[in-house]
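Here's the letter readout for the chains.
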Amino acid sequence: MNMPVVLISEEEIQSRVLELAGQISADYDANDELVLVGVLKGSFIFLADLSRRLTIPRTIEFIAVSSYGSGSRSTGAVRLVMDVRGNIEGKHVLIVEDIVDTGHTLKYLIGMLESHRPASVRTCALVRKAESAEVDVKVDYLGFDIGNEWVVGYGLDYAEQNRTLPYIGVVSPDD
């Protein structure tokens, strides 16, 4: 695989994360019990940076799902691999996702987490491929809209490669 071509620079990401943290901090009250639910593995870098920039109390949980199988195309079927471990009933939940592609995973997560009876469920995604959407799902806090390219870096990967790049780059999975 060739080196990724920079799509969104490290500086652009950090600036947008700071803006998102400001929006989220303004939308929740200091008395709200906010639980950030990071979707593994892809959200871990975004979640860490975002959570450190919030100015309101928060806790962190993780969830893991699978929708790609072994290929590079989503099957549309979502499988829960790991549920949240803490009790989120009556708390405000913010799902933190690396990428929204078809929308199937985020729609599944919203419904699944709502079954835990939280006070609210909102969504935050680093990137969204709007033209790839197959289901209508609301992203409350969005970093960037991108085209239908395969992207890596800042938590995003292709075959577990390039996840730790400080920027988001485009690769061709066929290389």
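Reading the values: rules and limits
- Counting restarts for each chain: residues are numbered from 1 in the order of the written sequence.
- Reporting in this predicted model follows two pLDDT cut-offs: at least 70 for local features of residues, and 80 or more for side-chain atom pairs to be given and counted; totals over whole chains, interfaces and linings ignore these cut-offs and use all residues.
- Side-chain metrics rest on all non-hydrogen atoms present in the structure, leaving aside hydrogens and water.
- Think of it this way: DSSP has to see at least two bridges between two strands before they count as a pair.
- In this description a helix means any DSSP run of H or I spanning at least four residues, a strand means any run of E spanning at least two, and both kinds are numbered starting from the N terminus.
- Axis definition: a line fit to C-alpha positions, over the contact stretch in the case of helices; interaxial angles, taken between N-to-C directions, run 0 to 180 degrees.
- Here a residue-residue contact requires only that any non-hydrogen atoms of the pair lie within 4.5 Å.
- Like charges within 9 Å and nonpolar side chains (Val, Leu, Ile, Met, Phe, Trp, Tyr) within 5 Å are joined into patches, using only residues over 30% in relative accessible area that form no salt bridge.
- Working definition of accessibility: Shrake-Rupley area with a 1.4 Å probe, residue cover restricted to the visible protein chains.
- Here a salt bridge means any side-chain nitrogen of Lys or Arg lying within 4 Å of a carboxyl oxygen belonging to Asp or Glu.
- Accessibility here uses a 1.4 Å probe with only protein chains present; expressed as a share of the type maximum, an area under 20% marks a residue as buried, one over 50% as exposed, and anything in between as partly exposed.
- Orientation labels follow simple angle bins: below 35 degrees gives roughly parallel, above 145 gives roughly antiparallel, 65 to 115 gives roughly perpendicular, and whatever is left gives oblique.
- Handedness of a crossing is defined here by the sense of rotation of the near helix relative to the far one, left-handed for an anticlockwise turn of less than a right angle and right-handed for a clockwise turn.
- When residue character is reported, Ala, Val, Leu, Ile, Met, Phe, Trp, Tyr, Cys and Pro are called nonpolar, Asp, Glu, Lys and Arg charged, and the others, Gly included, polar.

Enquirer: I would appreciate a short explanation of the sheet that holds strand E3 (residues 58-66) in the present structure.
Expert: The pairing of strands in a sheet comes from backbone hydrogen bonds and takes either a parallel or an antiparallel form. Read across the sheet, six strands follow the order E4-E3-E2-E5-E6-E7 without closing on themselves; strand pairing throughout is mixed. Strands with a single pairing partner mark the edges of an open sheet, and in this sheet they are strand E4 (79-82) and strand E7 (141-145). The average angle at which neighbouring strand axes cross in this sheet is 30°, direction not considered. Where E3 and E4 come together, three bridges link them in antiparallel fashion. Looking at E4, one finds that Ser66 is bridged to Arg79. Sheet strands touched by helix H2 (residues 44-53): strand E2 (34-40), E3, strand E5 (92-100) and strand E6 (120-128). Its angle to E3, the strand with the most contacts, is close to 165°. Running over the sheet, helix H3 (residues 104-114) touches E2, E3, E4, E5 and E6 and is turned about 165° from E5.

Enquirer: Honestly, a nonpolar patch on the surface in this entry has me stumped. Any pointers?
Expert: Taken together, the side chains of Leu40, Phe44, Ile60 and Phe62 define a hydrophobic patch exposed on the protein surface, amounting to about 300 Å² of accessible area. Positionally, Ile60 belongs in strand E3. The class for Ile60 is partly exposed, based on a relative accessible area of 39%.

Enquirer: How should I be thinking about the environment of Ile99 in this particular structure?
Expert: With respect to the helices, strands and loops of the structure, Ile99 is situated in strand E5. A relative accessible area of 18% places Ile99 in the buried class. Ignoring any residue separated from it by four or fewer positions in sequence, one finds Ile99 in contact with Val127, Lys129, Val151 and Leu156.

Enquirer: Would you explain unusual backbone geometry in this entry?
Expert: Of all residues except glycine, most have a negative phi; of all peptide bonds, most are trans. For the peptide bond that leads from Leu40 to Lys41, omega is 0°, which places it in the cis range. The backbone of Tyr154 shows a phi angle near 55°, a positive value even though the residue is not glycine. Structurally, the position occupied by Tyr154 is in the loop between strand E8 (150-152) and strand E9 (168-171). One non-glycine residue with positive phi stands out, namely Ala159, at about 55°. Of note, Ala159 is situated in the loop between E8 and E9. Judged by its relative accessible area of 57%, Ala159 falls in the exposed class.

Enquirer: Sorry, what's going on with the packing of helix H1 (residues 10-27) against H2 here?
Expert: In helix packing, the relevant descriptors are the interaxial angle and the interaxial distance, both defined with respect to the helix axes. The interhelical angle for the contact between H1 and H2, taken along N-to-C directions, is 55°, at an axis separation of 9 Å. In this view, H1 runs oblique relative to H2, as classed from their interaxial angle. Of the two elements, H1 crosses H2, and the hand of that crossing is right-handed. Packed against H1, whose contacting residues are Gln14, Val17, Leu18, Leu20, Ala21 and Ile24, the element H2 presents Phe46, Asp49, Leu50 and Arg53 at the interface. Looking at the contact of H1 with H2 residue by residue, the classes come out as seven nonpolar, one polar and two charged.

Any link to function would need more than the numbers given here.
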